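The residues making up each chain are set out below.
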Amino acid sequence: MKQSAVDFDLIVAGGGHAGVEAAIIAAKLGLRVGLITMNTNAIARMSCNPAIGGLAKGQMVRELDVLGGIMPRIADQTGIQFKMLNRSKGRSVWSPRAQIDKRHYEALLQDTIAKQPNLSTIQEEVVDILENHHAVRGVVLRDGSRLSCRALVLTCGTFLNGLIHIGNRKVCAGRMGEVRAEGITEALKSRGYRTGRLKTGTPPRLIKQTIDWSRTRLVLGDETPTPFSYRTRTFSPPNLPCHTVRTTPACHEILRSNVHLSPLFSGDISGVGPRYCPSIEDKIFRFSHHESHLLFLEPEWTNSDQIYTNGFSTSLPEKVQLRALREIPGLERVAFFRPGYAIEYDFIPPAQHRATLESKTISGLFFAGQINGTSGYEEAAVQGLIAGVNAANQILNREPLTIGRDEAYIGVLIDDLITKDTLEPYRMFTSRAEYRLLLRFSNADARLLEKARKHKLIEGRLYDELQKKLSATEEVITSLDRSLLPHEINPVLSQHNERVIRQKLPARDLLKRPSVSIHFLIDPSKKTLADDFEPFIADEILLEAETKIKYAGYIKRQREQVAKMKQQETYRLPEHIDYAALSGLSIEAREKLQSVRPETLGQAMRISGVSPADISVLSVLLSSR
């Protein structure tokens, strides 16, 4: 790329999971990137739970890997326990998750950034945006200096006017022990942006030596773990244990009798908290019929003396937290490294962004992560990658990267953000995806490989390897067209209490039986097409082949639904249409459409408050123009 007078092609403000992905991917695409963060020692810090993946989140991490993200690779290198969630349910909701050594994760990512060509880190704070004719031209830093750039990605996390609550004690901070960011919210407001206030929380960190581990239940990961990254070659991670305990009625009574001291209930917190990750005091009121709640005691790193109390997020006074926890068997003498706390922060309602995560009003300004109202490392990371790629594509005059709801959970996430009201921190779940059977963790490569190649996000060698894997999957499926004779398969069927066959039958038809596994149909003495791959990849080839056969009818039905929706998705709406003047629409629809300004008819259909009748009227009005 030719050198120019600007300091950087792209500036990324914020060094969390969104900022890291945006900065690294843009640098790999050839841009000169400046990553500006208030503390370079805190880059990629896992400020809450020591884990990556989980329900739907694991699928997003897989998708991130195909698109060139860094999180999956570092997670594989620093994971201390790996587990596939939901194995007892349908394949569409199987989700990989890993406990992470958060110190090792942070150190490896910081080292990766330090070695990344085209990427510079600057310890400072962005407080304002420089623009010219509604286009980004640079930033103003806290010390008054200015840096020029062609594009800017804001990834401010919980730091925008962050306010920590522990009982009635309040601390201005972005997270415990770190100063908050001030200036960006005000800068955006002055340019007409709507802003809001959200809240999230974190649980106490316990001192390991004060826990009676004999009274807890041991929880290990999978004996044959599954990595996140397709780039991982050898994979034999540790399987360090977590433990569980349960809250008690006595614990609940302490929480209940002191709930008036919680800023969440007293009215001190104005921001809305996450519905699906409630505080413990919220749980005992919303789920009062439960006598106890499960808590996971998770090590924060290898040989850690600091234990994360997953499930006990709270903003109650420290003494109340401690008294309540000491009513739990095994925690009678527990002590804190740090109490739990809630944090309020500013966010920018993301209906003000395009599907590329670029501002609809300022060219070259992108948003990613919790500034968009999301929660979770994974949600932040995938937004960071999409924003970083699209900032680069805009500068390099390339086609933008957009992902549909039928292509990836990443597409579901971004579409939900830009079309639905963000009234609480957004967390991804499999239930949010109407095409979730198409969005399996095991087919992320098939779904996104060509898109990654088109946007130069995947190296040629890996592309070839994944093409070989996909071909092997199809060959396995084809091989199951062979017919099996009763004497060949009946002994296996009988062994597994399955109904025997009386005449020859294609292996594919047998596999459609719910209880028949593909492993029943493979002769262990013969080499299979999957044996040319690493064991964990071979297992995935067989899993995906089995899934495509077992769920063929359902998959076909969802693909037909997708085809019907494509027409609406590709119908682009005029950018400057005055929805308020369209009298045939309901008042609510006019207000919502005017506020969100959807890019396509498909987006308009998913805006809350816009009914199917409104869409019909809108279609007629637009076709008559």
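Details of the structure are given in the entry above.
So, a few notes on the structure that sits alongside this text.

Rules and cut-offs
- Here the residue index of a chain counts from 1 through its sequence in written order.
- Predicted model: local features are reported for residues with pLDDT of at least 70 only, side-chain atom pairs are reported and counted for 80 or more only, and whole-chain, interface and lining totals are derived from all residues.
- Hydrogens and water are ignored here; the side-chain numbers use all heavy atoms of the structure.
- Put simply, DSSP marks the helices as runs of H or I at least four residues long and the strands as runs of E at least two long, and each gets a number from the N terminus on.
- Values of the radius of gyration come from C-alpha atoms, whereas the globule rule sets the reference at 2.2 Å times the count of residues to the power 0.38.
- For each residue, the accessible area found with a 1.4 Å probe, counting protein chains only, is set against the maximum for its type, and the residue is called buried under 20%, exposed over 50%, and partly exposed in between.
- Working rule for contacts: check all heavy atoms of both residues, and any pair within 4.5 Å makes them a contact.
- Per-residue and other accessible areas were derived by the Shrake-Rupley procedure at a 1.4 Å probe size, with only the shown protein chains allowed to occlude residues.
- Any two strands with at least two DSSP-identified bridges between them are counted as paired.
- As a rule, the C-alpha atoms of each element are fitted with a line to give its axis, helices using only the stretch in contact, and angles between N-to-C directions run from 0 to 180 degrees.
- Between 30 and 60 degrees the pair is tilted, below 30 it is stacked and above 60 it is edge-to-face, where a pair is any two Phe, Tyr or Trp rings, Trp via its six-membered ring, whose centres lie within 6.5 Å.
- In this analysis, the expected span of each helix is defined as 1.5 Å times one less than the number of residues it contains.
- The arc in question is the one spanned by the directions pointing from the helix axis to the C-beta atoms.
- In what follows, roughly perpendicular refers to angles from 65 to 115 degrees, roughly parallel to angles under 35, roughly antiparallel to angles over 145, and oblique to any angle outside these ranges.
- Residue type decides the class: Asp, Glu, Lys and Arg count as charged, Ala, Val, Leu, Ile, Met, Phe, Trp, Tyr, Cys and Pro as nonpolar, and the leftover types, Gly among them, as polar.
- Any residue with an atom within 4 Å of a point lines the site, the site being either a cavity, points on a 1 Å grid over the protein atoms alone where a 1.4 Å probe fits but cannot get out, or a pocket, an open set with protein on both sides within 12 Å along at least 5 of 7 lines.
- Grid points are joined across faces, edges and corners, and a volume is the space filled by probe spheres set on the points.
- For our purposes a nonpolar core is just a set of buried Ala, Val, Leu, Ile, Met, Phe, Trp, Tyr and Cys residues, chained together by side-chain atoms within 4.5 Å.

1. Some points on the overall build of the protein chain
Point 1. Within the protein chain one finds 20 helices and 23 strands.
Point 2. Its C-alpha atoms give the protein chain a radius of gyration of 26 Å, within 12% of the compact-globule value 25 Å for 625 residues.
Point 3. Taken over the C-alpha atoms alone, the protein chain extends approximately 80 × 70 × 55 Å along its principal axes.
Point 4. Looking at the 625 residues of the protein chain, the share that counts as buried comes to 58%.
Point 5. Put simply, 73% of the contacts in the protein chain that link residues at least 6 apart link residues at least 24 apart.
Point 6. As presented, the protein chain carries roughly 26,500 Å² of accessible surface, and 51% of it is formed by carbon and sulfur atoms.

2. Some remarks on the sheet that holds strand β13 (residues 196-202)
Point 1. Judged by pairing direction, the sheet is antiparallel, and its four strands sit side by side in the order β12-β11-β20-β13 without closing on themselves. The open sheet has two edge strands, β12 (169-172) and β13, and neither has a second partner. Shown here is a sheet whose adjacent strand axes are inclined to one another by a mean of 25 degrees, direction ignored.
Point 2. As judged from the three bridges shared by strand β11 (residues 163-166) and strand β20 (residues 341-347), these two strands associate in the antiparallel manner. By the bridge assignment, H165 is partnered in β20 with A342.

3. Let's talk about the packing of aromatic side chains
Point 1. Inspection of the entire model under this criterion finds five aromatic pairs.
Point 2. Their ring planes at 50 degrees and their centres at 5.8 Å tell us that Y193 and F367 sit as a pair that is tilted. Of the two residues, Y193 sits in the loop between α5 (184-190) and β13 while F367 sits in strand β21 (residues 365-367), which places them 174 residues apart along the sequence. A single burial state applies to Y193 and to F367, both of which are buried.

4. Some details on the sheet that holds strand β4 (residues 79-85)
Point 1. In space, the three strands of this open sheet follow the order β3-β5-β4, with antiparallel pairing throughout. Strands at the two margins of the open sheet, each flanked by one partner only, are β3 (51-53) and β4. Strand-to-strand twist in this sheet, taken as the mean axis angle between neighbours without regard to direction, amounts to 20 degrees.
Point 2. Pairing analysis gives three bridges linking β3 to strand β5 (residues 95-100), with the strands arranged antiparallel. Within the sheet, the bridge partner assigned to G53 lies in β5 and is R97.
Point 3. Across the sheet, helix α2 (residues 57-66) lies against β3 and β5, angled at about 75 degrees from β3, the strand it touches most.

5. Some points on helix α20 (residues 612-623)
Point 1. In this model α20 runs 17 Å from its N-terminal to its C-terminal C-alpha over 12 residues, within 8% of the 16 Å that 1.5 Å per residue would give.
Point 2. If you check which residues of α20 are buried, you get D614, I615, L618 and L622. Along the axis of α20, the buried residues cluster in a sector spanning 100 degrees; they form a single face. Pointing more than 90 degrees away from the buried face of α20 are the exposed residues P612, V620 and S623.
Point 3. At its buried positions, α20 is contacted by α18 (587-596) and α19 (601-605).

6. Structural notes on the packing of α2 against helix α11 (residues 409-419)
Point 1. For the pair α2 and α11, the least separation of the axes is 8 Å and the interaxial angle reads 105 degrees. Comparing their axes, α11 and α2 come out roughly perpendicular. Along its contact with α2, which presents Q59, M60, E63 and L64, the element α11 presents Y409, I410 and L413.
Point 2. Residues of the contact of α2 with α11, tallied by class, amount to five nonpolar, one polar and one charged.

7. Topic: the pairing of strand β17 (residues 294-299)
Point 1. Across four bridges, strand β16 (residues 242-246) lies against β17 in antiparallel orientation. Across the sheet, T244 pairs through a bridge with F296, a residue of β17.
Point 2. Where β17 and strand β18 (residues 306-310) come together, four bridges link them in antiparallel fashion. Bridge pairing links F296 to N310 in β18.

8. Topic: empty space enclosed by the protein
Point 1. Per the stated rule, a full pass over the model turns up one cavity of 30 Å³ or more.
Point 2. In terms of lining residues, the largest cavity is bounded by R62, P227, S229, Y230, K469, F536, I537 and E540.
Point 3. Here the lining of the largest cavity takes three residues from helix α16 (residues 535-550), the largest share from any one element.

9. Some remarks on unusual backbone geometry
Point 1. Backbone geometry at N161 places phi at a positive 50 degrees, although glycine is not the residue there.
Point 2. In this structure, N161 sits in the loop between β10 (151-154) and β11.
Point 3. N161 gets classed as buried once you look at its relative accessible area, which sits at 13%.
Point 4. Of note, the phi angle at N397 is positive, near 60 degrees, even though the residue is not glycine.
Point 5. Tracing the sequence through the fold places N397 in the loop between α10 (377-395) and α11.

10. Comments concerning the packing of α2 against helix α3 (residues 71-78)
Point 1. Contact geometry of α2 with α3 gives a least axis separation of 8 Å together with a crossing angle of 115 degrees. Touching V61, L64 and D65 of α2 are M71, P72 and R73, all from α3.

11. A look at helix α12 (residues 444-454)
Point 1. Every buried residue of α12 is listed here: A444, D445, R447, L448, L449 and A452.
Point 2. Buried positions along α12 lie against α2, α11 and α13 (460-479).
Point 3. A positive backbone phi angle near 60 degrees is found at K456, which sits one or two residues after α12.

12. With respect to the environment of R333
Point 1. For R333, the position within the fold is in the loop between α9 (318-325) and β19 (336-338).
Point 2. Using a relative accessible area of 74% as the deciding quantity, one classes R333 as exposed.
Point 3. For the pair R333 and T210, spaced 123 residues apart in sequence, the C-alpha separation works out to 5.8 Å.
Point 4. Apart from residues no more than four positions distant in its own chain, R333 is found in contact with T210 and R326.

13. Describing the nonpolar core
Point 1. In terms of nonpolar packing, the biggest core is built from 106 residues, with L10, V33, I52, V153 and L521 touching the most fellow members.
Point 2. Looking at this core, the element that brings in the most residues is α10, giving 11 residues.
Point 3. Residue contacts for V33: discarding those within four places in its chain leaves F8, L10, V12, A23, A26, A27, N118, L119 and S120.

14. Here we look at the environment of I25
Point 1. Along the polypeptide, I25 turns up in helix α1 (residues 17-28).
Point 2. Given the relative accessible area of 4%, I25 is considered buried.
Point 3. For the pair I25 and L448, spaced 423 residues apart in the sequence, the C-alpha separation amounts to 16 Å.
Point 4. Apart from the residues within four sequence positions on either side, I25 is in contact with L67, G68, L385, G388, V389 and L457.

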